[in-house]
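Descriptive structure summary
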Amino acid sequence: MERAAVDRLERLIDREMKTRFPAGGIRRVAVLQHDDDPAIEPGELTVRLFIDPGDGQEDDQRSLDAWAQAHQAAMKRIRRELSLRLPPARLLEFTVGGASDPGAAPRITMPDDPELTSAPLSGPEIVEAALALLRSSYVFPDRAEQAAAAVEGRLAAGEYGGLDEATLAERLTGHLDEVCADKHLRVRVMPPLPVGREPPGPEGGRGRQSRPGPGGTRGRDDREPGGPERGHPLNYGIHRVERLEGNVGYLDLRGVAHPDDAGPAIAAAMELVTGTYALIIDLRRNHGGSPDGVAFWCSYLFPGGGIHLSDIFHADTGETRQFWSLAYVPGDRYLGRPVYLLTSHETFSGGEDFCYTLQAQGRAEVIGETTGGGAHPTRMVPISRTVAIAVPFARSINPVTGTNWQGTGVVPDTAVPAAQAYDVAYAKALRHVLSLTVPPPVADEARAALAALLPTDQG
């Protein structure tokens, strides 16, 4: 693993562990690999927690033993979660943070234990694990604490006992939503994870697959749940590309894949519409994807680099990542022609990012219904082999509006029922074509297509 990725992983785990334990319980975290210690096998990691016993004992071994005795349950939980969420972390170590000779400091080593991940968890254990992840990772810490306190009251009252996992997940999701009102924050039942293998986190929130780390599995650091994967039969979300009568381009985009995987397919789709006089991008069934993918698609609609599209603030690291239009894209850009975006109440997350960004820049007209209202990049984090929690860990900030579409959705420029959005946008595109000097066959196509739309044309 590259050093930068290890350093980022170390910061994430350090932040989470300090949230899990009382102030002073953990001094720092180190993530080590083969380059740091030849005893660690290539491709494997050791996570080392330096504790602060805070008891004034001078004997390091006694201090460590006393600390471990007081935190046995927490240590076991951390080992189980590392096995689920970071399979390369074959060893978990606890040592004393202030030892005069770190190399000789006593350590408690916990190797990966498949039995821990295979053992089913009770309802209260699932709830407790979910709340720990909420407190350490949610993008709004104050709201996380309010939601956790409310759920703990219900837990103490016995509301989560005796429930099957599906019922528990649904009930806990509802209780979290009562405080957080966040459609990305949810508890889900999943197919069982293979023992000893990396959990196949869903792509993409906004995504929903994350880089290696305590929050998820490999992928983009801001990808979306439900997005397309490499070689996926959904064709990177590109459902349909077509030249409509009147030389209008049409793209039915149902997911926003990361350009590392989907770049050639995106370039091919844009090449097919490059000669059209107007472009309709249908996002009515788009449920999310990668911010990198959104920036890649949007770059085709601007003359070059230097357009500040969006920011994502990462609450877990305090970092802000900026997204700009790209100075280079494969093929021709789509410039100087109108773009219409179709939306519905189902348009969500990365699909909303697409709309909000282009609308704020004045580059596209949004036609349809107000969108779903999910603007927080999300990680799907395993709690057990069959239960996971999606935790929004960052928030989008548009440089034009200074805010995002969380909870409000993207409000269309032309509001019509989703079922009518295509006809309305197509009519607008055809009128644009007929305002130009175009070859007679194209003008004839446009007039005929517009006449066929007149009974439902609203604008």
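These numbers were taken from a predicted model, which means no experiment stands behind them.

Judged by nonpolar contacts, the single largest core of 41 residues is most densely connected at Met270, Ile281, Trp297 and Leu341. Broken down by element, this core gets its largest block of residues, six residues, from helix 8 (residues 259-273). Those residues within four positions of Met270 in sequence are excluded, and the remaining contacts are Leu251, Leu279, Trp297, Tyr300, Leu301 and Tyr334. By size, the runner-up hydrophobic cluster in this structure holds 29 residues, among which are Ala129, Leu172, Ala315 and Val381.

Because the α-helix completes a turn every 3.6 residues, residues three or four places apart line up on one side. For helix 11 (residues 418-434), built from 17 residues, the straight-helix expectation of 24 Å at 1.5 Å per residue is met to within 8% by its first-to-last C-alpha distance of 25 Å. Regarding helix 11, the residues found buried are Ala418, Ala421, Val424, Ala425, Tyr426, Ala427, Lys428, Ala429, Leu430 and Val433.

Following the criterion strictly, the structure yields 24 salt bridges and no others. The salt bridge partner of Asp36 is Arg3, with a shortest N-O separation of 3.1 Å. Here Arg3 lies in helix 1 (residues 3-20) and Asp36 lies in the loop between strand 1 (26-32) and strand 2 (45-51), a separation of 33 residues in the sequence. For Asp36, a relative accessible area of 37% gives the class partly exposed. Three or more residues joined by partner-sharing salt bridges are found here, namely Glu16, Arg20, Glu81 and Arg85.

A separate point is the sheet that holds strand 8 (residues 278-282). Ordered in space as 6-7-8-11-12-16, the six strands form an open sheet in which the pairing is mixed. Looking at which strands have only one partner, the edges of the open sheet turn out to be strand 6 (238-244) and strand 16 (414-415). Set on the sheet, helix 10 (residues 350-360) makes contact with strand 7 (248-253), strand 8, strand 11 (339-343) and strand 12 (365-368); between it and strand 11 the angle comes to about 140°. In this fold helix 11 packs onto strand 6, strand 7, strand 8, strand 11, strand 12 and strand 16, with an angle of close to 170° to the strand it touches most, strand 11.

Turning our attention to the sheet that holds strand 2. Either a parallel or an antiparallel arrangement is found when strands of a sheet pair, and the pairing is made through backbone hydrogen bonds. Taken in spatial order, the four strands line up as 1-2-3-4 in an open sheet, and their pairing is mixed. Unpaired on one side and paired on the other, strand 1 and strand 4 (107-111) mark the two borders of the sheet. Averaged over all adjacent pairs, the angle separating strand axes in this sheet is 15°, with direction ignored. Looking at chain direction, strand 2 and strand 3 (residues 89-96) are connected through seven bridges and run parallel.

As a packed pair, helix 1 and helix 3 (residues 72-85) sit with axes 13 Å apart at the nearest point and diverge in direction by 150°. Taken together, the axis directions place helix 1 and helix 3 in an arrangement best described as roughly antiparallel. In terms of crossing hand, the pair formed by helix 1 and helix 3 is right-handed. Judged by residue contacts, Glu16, Met17 and Arg20 of helix 1 engage Arg77, Ile78, Glu81 and Arg85 from helix 3. The class makeup of the residues in the contact of helix 1 with helix 3 is two nonpolar, no polar and five charged.

Criteria and cut-off values
Residues numbered from 1 in each chain as written. Predicted model: local features only at pLDDT ≥ 70, side-chain atom pairs only at ≥ 80, totals over all residues. Heavy atoms only, no water. Core = buried A, V, L, I, M, F, W, Y, C linked by side-chain atoms within 4.5 Å. Buried < 20%, exposed > 50% of the residue type's maximum accessible area, 1.4 Å probe, protein only. Helix = DSSP H or I, 4+ residues; strand = E, 2+ residues; numbered from the N terminus. Contact = heavy atoms within 4.5 Å. Expected span 1.5 Å × (residues − 1). Salt bridge = Lys/Arg side-chain N within 4 Å of Asp/Glu carboxyl O. Pairing = 2+ DSSP bridges. Axes fitted to C-alpha atoms, helices over the stretch in contact; angles between N-to-C directions. Parallel < 35°, antiparallel > 145°, perpendicular 65-115°, else oblique. Left-handed = near helix turned anticlockwise from the far one by under 90°. Nonpolar A, V, L, I, M, F, W, Y, C, P; charged D, E, K, R; others polar.

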